[in-house]
Amino acid sequence: MDSRTIRKTFLDFFAERGHVVRPSASTIPTDPTLLMTNAGMVPFKPYFLGEEPAPFDRATSVQKCIRTIDIDIIGTTVRHMSFFEMMGNFSFGDYFKAEAMKWAHELMVEGYGLDPDRLWYTAYEEDDEAFDLWVDHVGIDPSRVQRGGRDNFWQMGVPGPCGPSAEIFYDRGPEHGEDGGPIGGGEERFVEIWNLVFMQNIQDEPYHVIGDLPTKNIDTGLGLERLAMILQGVGSGFEIDTLRPVLAVGERFSGIEYGSDPMDDVSLRILADHGRTMSILIADGVVPSNEGRGYILRRILRRAVRHAWRLGGDGLVTPGLAQTTIDLLGDWYTELNDKADLIIDVVTREEQNFRRTLASGHQLLETALDELPIDQPLSGSVAFKLHDTYGFPIELTAEIAAEKDVEVDLDKFDAEMTAQRQRARKEWKGGDAAARGEFYREVLDTTGPTEFVGYSQPVATGRILAIVRDGEMIERAEHGSAEVEVFVDRTPFYAESGGQVGDDGTLRTNTGEVSVSDTQHALQGLHGHRGIVASGEIRVGQDVDLVIDEPRRDRIRKSHTGTHVLHWSLREVLGEHANQAGSLVESGRLRFDFSHFSATSETELREIEALANSRLIDNGQVTTTVTSQEEAKKMGALAFFGDKYGETVRVVRVGDFSVEFCGGTHTSTAGEVGPLIVTSEASIGSNIRRIEALTGTAAYLHLTELRESLDSVGGMLRAPAREIPDRVRGLMNRIEILEGQIDEMRAERRGELGAELAGAAEEIGGAKLVVAYVEDMDQDQLRQLALGIRDRIGEGAVFLGASPGGKGALIGAVSKGLTSTIQAGAVVAEGARVMGGGGSRDPELAQAGGPDGSKAEAAIEAIRDEARRILSQA
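So, a few notes on the structure that sits alongside this text. Predicted, not measured: the structure shown is a model, and the values here were computed from it.

How each quantity is defined
- All residue numbers refer to position in the chain's written sequence, counted from 1.
- The predicted origin of the model limits local features to residues at a pLDDT of at least 70 and limits the giving and counting of side-chain atom pairs to 80 or more, whereas totals for whole chains, interfaces and linings rest on all residues.
- As a convention, hydrogens and water are excluded, and side-chain values are obtained from all of the structure's heavy atoms.
- Helix and strand assignments come from DSSP, with helices taken as H or I runs of at least 4 residues and strands as E runs of at least 2, each series counted from the N terminus.
- For a compact globule the rule gives 2.2 Å times the number of residues to the power 0.38, and the radius of gyration it is set against comes from C-alpha atoms.
- Burial classification: accessible surface area is computed with a 1.4 Å probe over protein chains only, and a residue below 20% of its type maximum counts as buried, one above 50% as exposed, and the rest as partly exposed.
- Whether two residues are in contact is decided by their heavy atoms: any pair within 4.5 Å suffices.
- Patch criteria: residues need more than 30% relative accessible area and no salt bridge. Like-charged residues are merged within 9 Å; nonpolar side chains of Val, Leu, Ile, Met, Phe, Trp and Tyr are merged within 5 Å.
- Surface exposure here means Shrake-Rupley accessible area, sampled with a 1.4 Å probe, where a residue is shielded only by the protein chains that are shown.
- Salt bridges are identified by distance alone: a Lys or Arg side-chain nitrogen within 4 Å of an Asp or Glu carboxyl oxygen.
- Any two strands with at least two DSSP bridges between them are considered paired.
- Interaxial angle, 0 to 180 degrees, is taken between N-to-C directions of lines fitted to C-alpha atoms, where a helix line uses only the stretch in contact.
- In summary, the pairing rule links any two rings of Phe, Tyr or Trp, Trp by its six-membered ring, whose centres are within 6.5 Å, and it sorts them by plane angle into stacked for under 30 degrees, edge-to-face for over 60 and tilted for everything else.
- Any Lys NZ or Arg CZ found within 6 Å of a ring centre and within 35 degrees of that ring's normal is scored as a charge over the ring.

1. Considering the overall build of the protein
A count of helical and extended segments in the protein gives 24 helices and 32 strands. Over its C-alpha atoms the protein spans a radius of gyration of 37 Å, topping by over 25% the 29 Å that the globule rule assigns to 874 residues. Referenced to the eigenvectors of the C-alpha coordinate spread, the extents of the protein come out at roughly 120 × 80 × 50 Å. The buried share among the 874 residues of the protein stands at 50%. A sequence separation of at least 24 residues applies to 68% of the contacts in the protein between residues at least 6 apart.

Spelled out as structure tokens, the structure:
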């Protein structure tokens with residue numbers, strides 16, 4: 001049974017039993033506590049927690065999952081994978097243990113045709129109900145049901161839902177290990193294929209249950225790769241139909257056959273596994289970077305390339321790994337086909353870049369390891385140098401060292417990475433942020449969510465439900481007190497999100513007024529109006545008129561619609577990989593971060609700006625639609641990883657060209673944006689660019705300022721604006737000619753001065769000496785003069801000084817045959833000390849300087865005395 005049939009059999013089985021078939025969610029979760037979607041239940045977590053009502057009672061899916069917490073193990077076993085497909089069925093307060101366990105057994109035996117005599121079952125040691133259900137309800141022989149400890153209690157490793165579980169194992173036979181069942185028997189013999197989680201509890205830390213969920217739920221996970229291994233009769237998951245062809249790419253690349261050497265097998269398995277993972281992540285919108293998900297992708301890519309390097313082979317390996325993954329999985333996960341060109345481009349660039357890194361840094365690491373005394377760890381300083389200079393991730397250094405049984409001094413490495421760790425701590429959501437979150441949940445319990453009415457009206461009447469000051473809920477706030485945060489039942493104030501800044505404005509009651517400077521989501525759906533009491537006092541329970549700063553909102557609207565048009569234009573010119581990676585939408589200006597792999601040329605920027613403005617001039621309608629997430633995707637709406645979307649989403653369409661998920665405020669037509677003027681574009685990180693632009697009146701004023709500057713220059717040149725470039729080019733040519741003439745005059749002057757100074761040379765001990773202070777010469781001119789004099793006097797020494805720009809400059813030139821007697825660098829150093837400076841130590845030609853040019857003449861006298869002394873003693 002091939003993998004496609006395995007998936008279809010599973011989904012059809014549960015669809016026939018009333019389950020809604022859901023497509024796989026992205027591997028980039030909306031859950032801020034997770035970097036990756038690591039289980040089939042992740043997309044449904046809000047339903048399990050009761051944070052959102054489930055739109056269906058039952059669901060089934062085949063979910064793409066990424067787990068990299070044990071990445072160092074991947075490849076060393078035939079069981080661990082960083083990307084895998086998790087088939088699951090879910091109940092949200094509907095059916096529970098009895099149905100889930102009965103159906104699981106039925107599907108295993110009747111649907112997939114597994115021999116029931118080779119199946120084993122487990123239950124949590126404290127869950128007598130599950131044990132009895134296996135025996136009495138499903139009909140399993142009690143001798144084939146075992147009780148397990150923590151392995152039979154499922155949790156995500158973070159605060160959230162959890163619960164006891166029951167499992168189904170398959171006995172692969174005595175040739176694969178010891179007997180004894182799944183608990184006590186050989187791990188390679190008894191393979192877990194299905195985990196049935198009875199999601200009924202909630203934890204605040206791993207295995208610390210603090211209560212029950214609002215409903216009893218079912219969350220099951222059946223690993224596709226493990227089931228395929230059994231159904232296809234192969235030795236491991238790396239030999240199934242969706243993995244073996246990827247592994248074969250590594251074989252062809254290296255010329256090494258899988259199974260011929262244990263260490264080579266590890267590398268080939270890493271290539272196969274990581275090739276699939278990198279392809280899936282890029283298709284879901286991740287780009288390699290040095291932080292977060294991008295860093296995980298980069299680490300996976302680099303680990304694969306390092307093992308390809310180890311195996312040998314010519315050319316690049318990752319494009320072949322990616323293309324084979326696309327061919328194998330693209331018919332089921334269509335985003336792989338849609339993003340095929342991007343995937344190949346990204347992995348090619350990354351491998352090319354990292355192979356250069358390997359070539360330069362690998363030898364340093366190998367040398368350090370070879371020279372290391374026995375039982376000594378690799379220096380953390382070496383590891384840091386590899387990271388800082390050569391781009392070696394510390395994990396890669398540690399892995400290479402471990403292959404030679406060497407540890408890395410991570411304490412020293414961590415000490416040298418303090419700045420990076422501090423940055424990471426700032427991004428960590430914990431500490432005070434967690435305390436504030438808990439506090440705001442109390443506020444939400446008091447007030448309920450805020451009704452936002454600001455899409456259609458700038459003014460609203462509501463009621464004050466809570467006032468917060470300095471982390472405490474208070475009943476009243478008066479003029480002169482510290483900043484307050486006001487919570488109401490309904491508001492026209494937009495709370496900052498999706499890059500758009502929050503509204504400001506005024507809250508008025510019959511006793512006082514609050515000047516609102518910002519509006520933020522204290523929690524999702526809870527609008528906090530932050531400001532000061534400008535007059536009187538306000539009290540909880542009062543009716544309040546809420547008035548936004550409408551002119552400012554209008555300018556923000558222009559910028560937000562302009563952002564959508566600019567995003568479309570970027571993708572049209574640079575390619576569809578130019579996805580949003582961050583944005584800031586403000587009054588009159590916008591900032592947009594996007595993924596791109598090279599600098600944007602001036603020609604491309606002009607095309608992007610022109611294309612955006614042409615669409616604005618077309619003045620298409622801006623419309624919004626509220627629909628299901630599935631329908632929005634069918635409309636072609638762009639969604640971005642990291643943004644959280646519910647089942648119902650808002651879609652903004654500009655004309656007939658731009659369609660995006662968006663909860664922000666927009667103009668009614670594209671033309672209302674006015675001009676959009678790009679002001680800058682630059683790199684802000686690995687493969688991430690930032691473009692900034694002005695919109696509306698701000699853009700017009702910017703153009704007016706440029707025009708006034710141009711007119712001013714035109715007035716000085718007595719030329720109309722269109723002729724200014726030609727006039728300036730003419731002036732530059734003229735300046736170049738005049739500077740050439742000046743250089744010739746200076747050269748002539750240096751020649752005359754050189755002859756004059758050479759003629760006045762002293763003769764001491766058979767050598768000639770010229771020491772002089774000259775006016776109006778910089779260091780380079782001084783050097784040319786000194787060399788000219790040295791050529792004129794023959795065997796001798798020349799020392800000159802000047803003070804260009806108020807700083808001291810010295811030069812010394814000594815004939816080659818005289819350097820055994822007097823050295824230019826040593827003599828010049830005497831003068832440099834007088835000026836508080838230093839210089840080079842070359843014996844033939846040395847220059848020096850100092851910050852105090854007023855002492856240049858005194859420095860020359862010190863040089864004269866030193867040179868005379870040396871020559872007179874020769």
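2. A few points about a nonpolar patch on the surface
A cluster of nonpolar residues, Val-728, Leu-731, Met-732 and Ile-735, forms a patch on the protein surface that exposes about 330 Å² of accessible area. Looking at where Met-732 falls in the secondary structure, it is placed in helix H21 (residues 724-759).

3. Examining the sheet that holds strand S23 (residues 648-654)
The strand order S22-S23-S24 describes an open sheet built from 3 strands, whose pairing is antiparallel. Edge positions in the sheet fall to strand S22 (622-628) and strand S24 (658-661), since each has one partner strand and no second. Taken pair by pair, the neighbouring strands of this sheet meet at an average axis angle of 25°, ignoring direction. Here 4 bridges tie S23 to S24, and the two strands are oriented antiparallel to one another. Along S24, the bridge assignment pairs Arg-653 with Val-659.

4. Re the packing of aromatic side chains
Evaluated as defined, the whole model comprises 23 aromatic pairs. Aromatic side chains Phe-44 and Tyr-47 sit 6.3 Å apart centroid to centroid with 40° between the ring planes, which places their arrangement in the tilted category. Ring geometry for Phe-48 versus Phe-92: centroids 5.2 Å apart, planes at 50°, classification tilted. With Phe-48 in helix H2 (residues 45-49) and Phe-92 in strand S3 (residues 83-92), the pair connects residues that are 44 residues apart, well separated along the chain. Since its relative accessible area comes to 0%, Phe-48 is described here as buried. Assessed through its relative accessible area of 9%, Phe-92 is described here as buried. Above the face of the Tyr-455 ring, Arg-650 is positioned so that its terminal group lies 3.6 Å from the ring centre.

Geometric descriptors of this kind do not, in isolation, establish any biological role.
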